[in-house]
Amino acid sequence: MVGVDDVRLRPAGPRPRGRLLPLGRHRGGTGSGDCATAETDAMLSVTAAGFCRLASPEHQCRRRRRARRETPIHPNPNLPNSPTRRKIRPEGENTVLLTELLHPGILEALAGAGHGARVLLADGHYPASTATGERARTVHLNLAPGLLDVTSVLDVLLTALPVESAHVMVPPEGEPEPPAIAEYRARLAPVPVGTLGRFEFYDAARSPDLALAIVTADIRTYANLLLTIGVRAEGTLSTR
């Protein structure tokens, strides 16, 4: 009995597709034209019955030519009449929000909050991973030292939500009041601004009422601010 290892298999020449030949009886052949390399690409598989199935080189060439013809030509999007050319929006049509506040995460958290919910603006020294409420959403705006600071974030938030009251963190008794606190009072007036010691402030920020914690890169000490959301004044809401 002749084994597979005793027979040297070579790619077959032009033969009908799917023809079965006994092992050791197939003959070599050559292609022509652009199909000269098809002979080396012929697929050879040995079946359990001891036959080899040889794919015709002509069939290989026809398949490649058909694949080239059927390859779709994508239109150039840069041509003026191309169907895939990006349409330019007409003047006056704008998809950007009209509010000053554009941050998606902050907008989502504020939309889910309500009257009495709290918003923490933390400076760069605040332990935001341990001194915030479990339900609060944390947004990091600390890109680099000083970017962003609490005052910049506060100015934008005041254009988007009403503030009922606020609290600041103050240093121990006997130390001067940090300049950031006077700045907050000026921007929040006439909203009352209360004071809390360091650990009292931490406890207030851990409250389940905290809806949003914004971590800034403010390098000032005692620059933390805790806002309580109020309600819009009567007559400022319009019905549709």
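- The protein chain appears in an unreviewed UniProt entry as Transporter, RbsD/FucU family from Streptomyces turgidiscabies.

## Focus: the overall build of the protein chain
Alright, step 1. Looking only at helices and strands, one finds 6 helices and 9 strands in the protein chain.
Alright, step 2. Excluding contacts between residues fewer than 6 apart, the proportion of contacts in the protein chain whose partners are at least 24 apart in sequence is 77%.

## What about the layout of surface pockets?
Alright, step 1. Counted as a void, the largest pocket has a volume near 160 Å³.
Alright, step 2. As for the largest pocket, its lining consists of Glu 100, Leu 101, Leu 102, His 103, Ile 106, Leu 141, Leu 148, Ser 152, Val 153, Val 156 and Leu 157.
Alright, step 3. Counted by class, the lining of the largest pocket contains 8 nonpolar, 2 polar and 1 charged residues.

## Section: the pairing of strand β4 (residues 118-122)
Alright, step 1. Along β4, 4 of the 5 residues are buried, which leaves the element largely enclosed by surrounding structure.
Alright, step 2. By the bridge criterion, 5 bridges tie β4 to strand β8 (residues 210-215) in an arrangement that is parallel. Residue pairing for β8: Leu 121 is matched across the bridge by Ile 214.
Alright, step 3. Bridge analysis of β4 against strand β9 (residues 225-229) gives 4 bridges, and the strand direction is antiparallel. Residue pairing across strands places Val 119 opposite Leu 227, the latter belonging to β9.

## Details of the confidence of the model for the protein chain
Alright, step 1. Per-residue confidence for the protein chain averages 77 on the pLDDT scale, and 62% of its residues sit at or above 70.
Alright, step 2. In the model, residues 24-54 has pLDDT below 50 throughout and makes 69 contacts with residues more than four positions away in sequence or in other chains.

## Digging into the nonpolar core
Alright, step 1. Formed by 31 residues in total, the largest nonpolar core has its most connected members in Ile 106, Leu 110, Leu 121, Leu 157, Leu 188, Leu 225 and Leu 227.
Alright, step 2. Apart from the residues lying within four places of it in its own chain, the contact partners of Leu 188 are Leu 154, Leu 158, Val 163, Ala 166, Val 193, Leu 225 and Leu 227.
Alright, step 3. Among the nonpolar cores identified, the runner-up in size contains 16 residues, and Met 169, Phe 201, Ala 213 and Val 215 belong to it.

## Observations concerning a nonpolar patch on the surface
Alright, step 1. On the surface, a cluster of nonpolar side chains totalling about 270 Å² of accessible area is made up of Val 96, Leu 97 and Leu 102.
Alright, step 2. Considering the arrangement of structural elements, one finds Leu 97 in the loop between α2 (57-70) and α3 (104-112).

## Side note on helix α6 (residues 198-205)
Alright, step 1. Buried within α6 are the following residues: Phe 201, Tyr 202, Ala 204 and Ala 205. End-on, the buried residues of α6 take up no more than an arc of 165°, which puts them together on one face. Every exposed residue of α6 that faces more than 90 degrees away from the buried side is listed here: Phe 199, Glu 200 and Asp 203.
Alright, step 2. Elements in contact with the buried residues of α6: β4, β6 (163-169), β7 (193-196), β8 and β9.

## Here we look at the environment of Phe 201
Alright, step 1. Its location among the elements puts Phe 201 in helix α6.
Alright, step 2. For the pair Phe 201 and Asn 224, spaced 23 residues apart in the sequence, the C-alpha separation amounts to 9.0 Å.
Alright, step 3. Among all residues touching Phe 201, those that are not within four sequence positions of it are Leu 120, Tyr 126, His 167, Val 168, Met 169, Leu 196, Asn 224, Leu 225 and Leu 226.

## Some thoughts on the packing of helix α4 (residues 150-157) against helix α5 (residues 179-188)
Alright, step 1. Across the interface, α4 lies against α5 with an axial gap of 11 Å and an inter-helix angle of 10°. Viewed along their axes, α4 and α5 adopt a mutual orientation that is roughly parallel. Of the residues in α5, those touching α4 at Val 150, Thr 151, Leu 154 and Asp 155 are Glu 183, Tyr 184, Arg 187 and Leu 188.

## Some details on the sheet that holds β4
Alright, step 1. The mixed open sheet is built from 6 strands, whose spatial order is β5-β8-β4-β9-β6-β7. Strand pairing shows two members of the sheet lacking a second neighbour, β5 (137-140) and β7, which therefore form its edges. Taking each pair of neighbouring strands and ignoring which way they run, the sheet shows an average axis angle of 20°.
Alright, step 2. Seen against the sheet, α5 touches β6, β7 and β9 and runs at an angle of roughly 175° to β6.

## Description of α5
Alright, step 1. All buried positions along α5 are accounted for by Ala 180, Ile 181, Tyr 184 and Leu 188. Summarising the axial view, the buried residues of α5 lie within an arc of 100°, below the 170-degree limit, and thus occupy one face. Turned more than 90 degrees off the buried face of α5, the exposed positions are Pro 179 and Ala 186.

Rules used throughout
Residues numbered from 1 in each chain as written. Predicted model: local features only at pLDDT ≥ 70, side-chain atom pairs only at ≥ 80, totals over all residues. Heavy atoms only, no water. Helix = DSSP H or I, 4+ residues; strand = E, 2+ residues; numbered from the N terminus. Contact = heavy atoms within 4.5 Å. 1 Å grid on protein atoms, 1.4 Å probe; cavity = no way out; pocket = protein on both sides within 12 Å on 5 of 7 lines; lining within 4 Å. Points joined across faces, edges and corners; volume = space filled by probe spheres on them. Nonpolar A, V, L, I, M, F, W, Y, C, P; charged D, E, K, R; others polar. Buried < 20%, exposed > 50% of the residue type's maximum accessible area, 1.4 Å probe, protein only. Pairing = 2+ DSSP bridges. pLDDT = per-residue confidence, 0-100. Core = buried A, V, L, I, M, F, W, Y, C linked by side-chain atoms within 4.5 Å. Patch = residues over 30% accessible without salt bridge, like charges linked within 9 Å, V, L, I, M, F, W, Y side chains within 5 Å. Areas by Shrake-Rupley, 256 points an atom, 1.4 Å probe, with all protein chains shown as cover. Salt bridge = Lys/Arg side-chain N within 4 Å of Asp/Glu carboxyl O. Arc of directions from axis to C-beta. Axes fitted to C-alpha atoms, helices over the stretch in contact; angles between N-to-C directions. Parallel < 35°, antiparallel > 145°, perpendicular 65-115°, else oblique.

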